[in-house]
Amino acid sequence: MTTDKVANLGQTFVCINPECFAPCFQERLGCLLDCLRKIEPADPNKPVMVPGDLERAHMKEVDESKMIAYNKVHIMNMNCIAEKMSVEPMKTHKTKPTPPQAPAAPTAPPGPPAPPGAPKPSCGK
């Protein structure tokens, strides 16, 4: 494969209603997910999760805190873009770190820290 010319790609999206092939699909899927979540975890501190559990926990956290947490690198990059575009940077609020607590439900993991010696983003100046 070469990159010397524009790719001639196509995409197809197909939407299928599973109810047409499997009656009560939503209820059956809900029962399956409930059964999976109730399986005894290998590590008692890490509950069994299914796709979407981390995202729902994060959405709940955002709804309750009424803010989205960004790591420092993302904020620095967004501020660089704002500077380049000559627009006001995003307003931020410093928050106190909350003490760690055993989660009652699955929670989203924090973003990975920057590796030691990693270059800091620059605004290209």
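The structure under discussion appears in the preceding block.
Per chain, the residues get numbers from 1 upward, laid out in the order the sequence is written. Selection of residues for local features in this predicted model requires a pLDDT of at least 70, selection of side-chain atom pairs for listing and counting requires 80 or more, and totals for whole chains, interfaces and linings are taken over all residues. Side-chain numbers here rest on the full set of heavy atoms in the structure, without hydrogens or water.

1. Quick word on unusual backbone geometry
Filter applied, for reference: Categorising residues by exposure relies on relative accessible area from a 1.4 Å probe, with only protein chains included: less than 20% of the type maximum marks a residue as buried, more than 50% marks it as exposed, and the intermediate range marks it as partly exposed.
For Cys-24, which is not a glycine, the phi torsion comes out positive at approximately 60 degrees. Residue classification places Cys-24 among the partly exposed positions, given a relative accessible area of 43%. The phi torsion at Ser-86 lies on the positive side, around 55 degrees, for a residue other than glycine. Note on Ser-86: relative accessible area 67%, which makes it exposed.

2. Some thoughts on a nonpolar patch on the surface
The test is simple: Residues enter patches when their relative accessible area tops 30% and they take part in no salt bridge; the joining distance is 9 Å for like charges and 5 Å for the nonpolar side chains Val, Leu, Ile, Met, Phe, Trp and Tyr. Areas reported here follow the Shrake-Rupley algorithm with a probe of radius 1.4 Å; residue values treat only the protein chains shown as occluding. What makes a salt bridge here is a side-chain nitrogen of Lys or Arg within 4 Å of a carboxyl oxygen of Asp or Glu, nothing more. Working definition: helices are DSSP H or I runs of at least four residues, strands are E runs of at least two. Numbering for both runs from the N terminus.
On the surface, Leu-29, Leu-32, Leu-36 and Ile-39 cluster together into a nonpolar patch covering about 300 Å² of accessible area. Its place among the elements puts Leu-32 in helix H1 (residues 25-37). Overall, the relative accessible area of 46% leaves Leu-32 in the partly exposed class.

3. Notes on the pattern of salt bridges
If you walk through the whole model with that rule in mind, you get five salt bridges. In this structure, the salt-bridge partner of Asp-34 is Arg-37, at a minimum N-O distance of 3.6 Å. In this pair, Asp-34 and Arg-37 are both assigned in helix H1, three residues apart and thus about one turn of the helix distant. What makes Asp-34 partly exposed here is its relative accessible area of 39%.

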